[in-house]
Amino acid sequence: MDPVVIPILVAALVIVFLVASTVRIVPQARRYNIERFGRYRRTLQPGLNLVLPVADRINTKLDVREQVYSSDPRPVITEDNLVVNIDTVLYYQITDPRAAAYEVADYLQAIDQLTVTTLRNVIGSMDLEETLTSREEINSRLRAVLDDATGKWGIRVNRVEIKAIDPPHTIKEAMEKQMRAERDKRAAILHAEGERQAKILTAEGTKQKDILEAQGTQQAMILRADGEAKAVELVFQAVHRNNADPKILAYKYLETLPHLAKSDNNTFWVIPGELTEAVRTVTRAFGDESTAGPPHPAQPEGTATADDAAQGAGIPQLDTGSTVALDAAAAADEAGKQAAAAVSDAKAEAEAAKSAQVPRRGRTSDD
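Residues numbered from 1 in each chain as written. Predicted model: local features only at pLDDT ≥ 70, side-chain atom pairs only at ≥ 80, totals over all residues. Heavy atoms only, no water.

**Re the pattern of salt bridges**
Item 1. Per the stated rule, a full pass over the model turns up 11 salt bridges.
Item 2. Note that Glu 103 and Arg 98 form a salt bridge whose closest N and O atoms lie 4.0 Å from each other.
Item 3. On the accessibility criterion, Glu 103 (44% relative accessible area) is partly exposed.
Item 4. One salt bridge in this structure joins Asp 166 and Lys 172, with 2.8 Å as the shortest N-O distance.
Item 5. Classification of Asp 166 as partly exposed rests on a relative accessible area of 34%.
Item 6. Look at the salt bridges and you will find they share partners, linking Arg 30, Asp 63 and Arg 65 into a network. (Salt bridge = Lys/Arg side-chain N within 4 Å of Asp/Glu carboxyl O. Buried < 20%, exposed > 50% of the residue type's maximum accessible area, 1.4 Å probe, protein only.)

Below, the structure written as structure tokens:
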């Protein structure tokens, strides 16, 4: 081989190596810190970058995307001296690659230790019950402390979340018993409230039912009373329009009398004092209708009258205002029988008087 060719090849290789060392390609969302002779020079941005070969070198390669860091469970003592294990989840992002590389040796370890310290300070001022129910407050206080401390490290803490709070086993059993008792209490309260509402609704329904029944009865009584009033008014108008005779009224009175005792609630019935007068009126009516000619003048002493005839026939006489303590139905039947007997006797006497007058009229015509 020609001795001149070898130096040329070596020179070409050196040039290629120098060119390759000069060009640096940085991916997206990455940052490279460049040191020149051991001193920080600059941070390479994504894309094509040129550096001095041999003099410049890459110290750290950092990812500036948001990252997640989950810590191991750490024991924390609450205000009521109970030990609970708490593990957290941290969401952070590198905002200054130079500070993240040169301000702190290991930013992840620093964040983890700071989280544990802050968490113990926060939980130490709370009891177990408040710790279990105040996660949002704990997260806010942790984030405020971590964001303030990691700002000078070129790191921004976006969120801090408590992943789990694990109390001791005995505390878990006590909490389960408490929760069970609380559920039983709520169930008993809801059951009692349901029974109370059911009784109230039942009482309201019964009340409404009684009110509606009473209103219906009231309306029925009002309508019935209106009907009876109209019927009495029509009868009254008919009586006055037709100028009814007192004898007809007395006879209708005797027909109506037995209906007074038809009610099942009647156990005591008072016979009116007008019963005797009504019987006399009906008796006179049948006597007058069966006798021809004008009415007779006043009879002398010793002459039998319709009342005497009724007494002679055995018709019982009722004193005015007398009260008979009989059964209601029996009293009504007795009054009806007395009225019927009086009417029958009056008709019999009228027929006898008529038959006695026929021969007398015949002798008068012969003379």
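**Describing a nonpolar patch on the surface**
Item 1. A grouping of Ile 6, Val 10, Val 14, Phe 17, Leu 18 and Val 54 is seen on the molecular surface, where their side chains present a nonpolar patch of about 560 Å² in accessible area.
Item 2. Summarising the element assignment, Ile 6 is placed in helix α1 (residues 5-22).
Item 3. When its relative accessible area of 45% is taken as the criterion, Ile 6 is described as partly exposed. (Patch = residues over 30% accessible without salt bridge, like charges linked within 9 Å, V, L, I, M, F, W, Y side chains within 5 Å. Areas by Shrake-Rupley, 256 points an atom, 1.4 Å probe, with all protein chains shown as cover. Helix = DSSP H or I, 4+ residues; strand = E, 2+ residues; numbered from the N terminus.)

**Topic: the sheet that holds strand β5 (residues 56-63)**
Item 1. On the basis of which strands lie adjacent, the open sheet formed by three strands has the order β3-β2-β5 and antiparallel pairing. Of all the strands in the sheet, just β3 (39-44) and β5 have a single pairing partner and so form its edges. Put simply, the sheet's adjacent strands are angled 25° from each other on average, direction ignored.
Item 2. Here seven bridges tie strand β2 (residues 30-36) to β5, and the two strands are oriented antiparallel to one another. Note that in β5 the partner of Arg 30 across the bridge is Asp 63. (Pairing = 2+ DSSP bridges. Axes fitted to C-alpha atoms, helices over the stretch in contact; angles between N-to-C directions.)

**Some words on helix α3 (residues 107-123)**
Side chains of residues three or four places apart in an α-helix project in the same direction, reflecting 3.6 residues per turn.
Item 1. Look at α3: 24 Å from first C-alpha to last across 17 residues, which is about the 24 Å you get at 1.5 Å a residue.
Item 2. Capping of α3 at its N-terminal end is provided by Asp 106; its side-chain oxygen lies 3.3 Å from the backbone amide nitrogen of Leu 108. (Expected span 1.5 Å × (residues − 1). Polar contact = N/O pair within 3.5 Å; in protein donor to acceptor, adjacent residues only side chain to side chain.)

**Details of the packing of aromatic side chains**
Item 1. Inspection of the entire model under this criterion finds two aromatic pairs.
Item 2. Taking the centre distance of 5.5 Å and the plane angle of 65° together, the rings of Tyr 40 and Tyr 102 count as edge-to-face. One end of the pair, Tyr 40, is in strand β3; the other, Tyr 102, is in helix α2 (residues 97-102), with 62 residues separating them in the sequence.
Item 3. With relative accessibility at 32%, the residue Tyr 102 sits in the partly exposed group.
Item 4. Between Tyr 92 and Tyr 107, the ring centres sit 6.1 Å apart and the planes meet at 65°, which makes this aromatic pair edge-to-face. Of this pair, Tyr 92 sits in strand β8 (residues 83-94) while Tyr 107 sits in helix α3, and the two are 15 residues apart along the sequence.
Item 5. In this structure Tyr 107 comes out as buried when scored by relative accessible area, which is 16%.
Item 6. One residue, Lys 61, lies across the ring of Tyr 32, its end atom 5.0 Å from the ring centre. (Phe/Tyr/Trp six-rings, centres within 6.5 Å; stacked < 30°, edge-to-face > 60°. Lys NZ or Arg CZ within 6 Å of the ring centre and 35° of its normal.)

**Examining unusual backbone geometry**
Item 1. Despite not being glycine, Ala 29 has its phi angle at roughly 65°, a positive value.
Item 2. Overall, Ala 29 belongs to the buried group, its relative accessible area being 15%.

**Looking at the environment of Leu 128**
Item 1. Tracing the sequence through the fold places Leu 128 in helix α4 (residues 128-133).
Item 2. We classify Leu 128 as buried; its relative accessible area is 7%.
Item 3. When neighbours within four sequence positions are excluded, Leu 128 is seen to be in contact with Thr 78, Asp 80, Leu 82, Val 84, Pro 167, Ile 171 and Met 175. (Contact = heavy atoms within 4.5 Å.)

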